[in-house]
Amino acid sequence: MIDAILRALSMAFAMGWQILWPLILGFALSAIVQAVVSHRQMARLLPDDRPRSIATALALGAASSSCSYAAVALARSLFRKGADFTAAMAFEMASTNLVLELGIIMLAFLGWQLTLAELVGAPIMVGLLIVLFRWFLNRELVEQAKVQADRGIKGRMEGHAEMDMSVTEGGSLWQRLTSERGLTAISHYFVMDWASVWMDIVGGLLIAGALAAWVPTEFWQSFFLVDHPLVAKLWGPIVGPLVAVISFVCSVGNIPLAAVLWNGGISFGGVIAFIFADLIVLPILNIYRKYYGLKMAGFLFATFYAAMAGAAVIVELMFGAVGLIPEQRNARVVEASVSWNYTTWLNIAFLILAAWLVWRFLKTGGPAMLRMMNRPAAMGHTH
């Protein structure tokens, strides 16, 4: 028993070591983007569900934090401030599926084909969601959700979602980024984003390590119907989100588990659907209930699930038609190990960068802001 636990922990640590520098790079790039993109005018830019507003929602989401809880909290904040509900949900989806750090971690773990599939599939998923909303979402349900949202019931990460330290004035983009305010904003966003998702990352690594060490390949192959290729292509996108729902892991923390599922035999579309589904894990479904009421929470689960599964099927068909589905399943899970190679050197270099950002965070009032992350939005902190 002890040997099995140690093996799972060692695999989790090895996977974490493999993706450490991509994580730091991804969060640093995300912090840079957030430092020059203001949250203040977002609601004004999302007045309806027309193509221009949806495109803006996708762009704003891609420029925000990858934390699923912060994305959900910020989407509610935008809705309360006057943003269209559909556009707010499009923003929410983009915040967890089009952000820089997600792409970097997927590239490190799953390869470029699945990374490209995620980037192609996310807008398709949003498009399907809009169609479903136009067919089934009625004004009465939206009004009920608005009343519930205005009650301001606490979820998670409201303070982080409301935090706006962007530097929009003061010269060129480079001058703003390298100014005292710009560097401080970057350091604060970097640490805040880490603080908001570290539990998901650690949880995802531990679950992935345990599954990779303890669950035999034969089980996964049977569960994902590997012996029935045509059925598996439909089964994967159906079961992938359900696995996500009960895994409790969201944000970038679900990528290690996605790698285990991919190596285990889940279909190409199935692993994409699993990654999409971080917005319908059980804790977030409970937050939807608090934010918008039980009826809207059920509606969001049903429509999100359908859009995620549908987009995954479309992506698999598209990539299969042009021969971009990998024949070999070699996600970096079982092969992961700690050794003195280029990964170690990159980890050391990026750990130095992270240490400098943390130092600046500590020297510029960061700890006080960190304590506000889980306070209700009305008590959040802005600069």
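Residues numbered from 1 in each chain as written. Predicted model: local features only at pLDDT ≥ 70, side-chain atom pairs only at ≥ 80, totals over all residues. Heavy atoms only, no water.

Caption draft 1: How the structure looks around the side chain of Gln113. Residue placement: Gln113 occurs in helix α8 (residues 112–136). Using a relative accessible area of 17% as the deciding quantity, one classes Gln113 as buried. Engagement of the side chain of Gln113 in a polar contact is seen with the side chain of Trp112, the distance being 3.5 Å. Apart from residues no more than four positions distant in its own chain, Gln113 is found in contact with Phe268, Phe319, Leu324 and Pro326. (Helix = DSSP H or I, 4+ residues; strand = E, 2+ residues; numbered from the N terminus. Buried < 20%, exposed > 50% of the residue type's maximum accessible area, 1.4 Å probe, protein only. Polar contact = N/O pair within 3.5 Å; in protein donor to acceptor, adjacent residues only side chain to side chain. Contact = heavy atoms within 4.5 Å.)

Caption draft 2: The arrangement of the packing of helix α2 (residues 20–36) against helix α7 (residues 100–110) in detail. Viewed as axis vectors pointing N to C, α2 and α7 meet at an angle of 160°, and their least axial separation amounts to 8 Å. Compared by their axis directions, α2 and α7 come out roughly antiparallel. In this structure, the crossing between α2 and α7 has a hand that is right-handed. Every residue of α7 that contacts α2 at Pro22, Leu23, Leu25, Gly26, Phe27, Leu29, Ser30 and Val33 is listed here: Leu100, Glu101, Ile104, Ile105 and Ala108. Of the residues in the contact of α2 with α7, the class split is 10 nonpolar, two polar and one charged. (Axes fitted to C-alpha atoms, helices over the stretch in contact; angles between N-to-C directions. Parallel < 35°, antiparallel > 145°, perpendicular 65-115°, else oblique. Left-handed = near helix turned anticlockwise from the far one by under 90°. Nonpolar A, V, L, I, M, F, W, Y, C, P; charged D, E, K, R; others polar.)

Caption draft 3: Examining the packing of aromatic side chains more closely. Counted by the stated rule, this structure contains 18 aromatic pairs. Each ring, one from Trp220 and one from Phe224, has its centre 5.6 Å from the other, and the planes form 10°; the classification is stacked. Comparing Trp220 with Phe224 shows no difference in burial state: the two are buried. An angle of 75° between the planes, with centres 6.1 Å apart, marks the rings of Trp262 and Phe268 as edge-to-face. The exposure class assigned to Trp262 is buried, which follows from its relative accessible area of 2%. Judged by its relative accessible area of 2%, Phe268 falls in the buried class. Within the aromatic cluster, the residues linked to one another by ring pairs are Phe79, Phe85, Phe133, Tyr291, Tyr292 and Phe299. (Phe/Tyr/Trp six-rings, centres within 6.5 Å; stacked < 30°, edge-to-face > 60°.)

Such coordinate-based values are descriptive only and should not be taken to indicate function.
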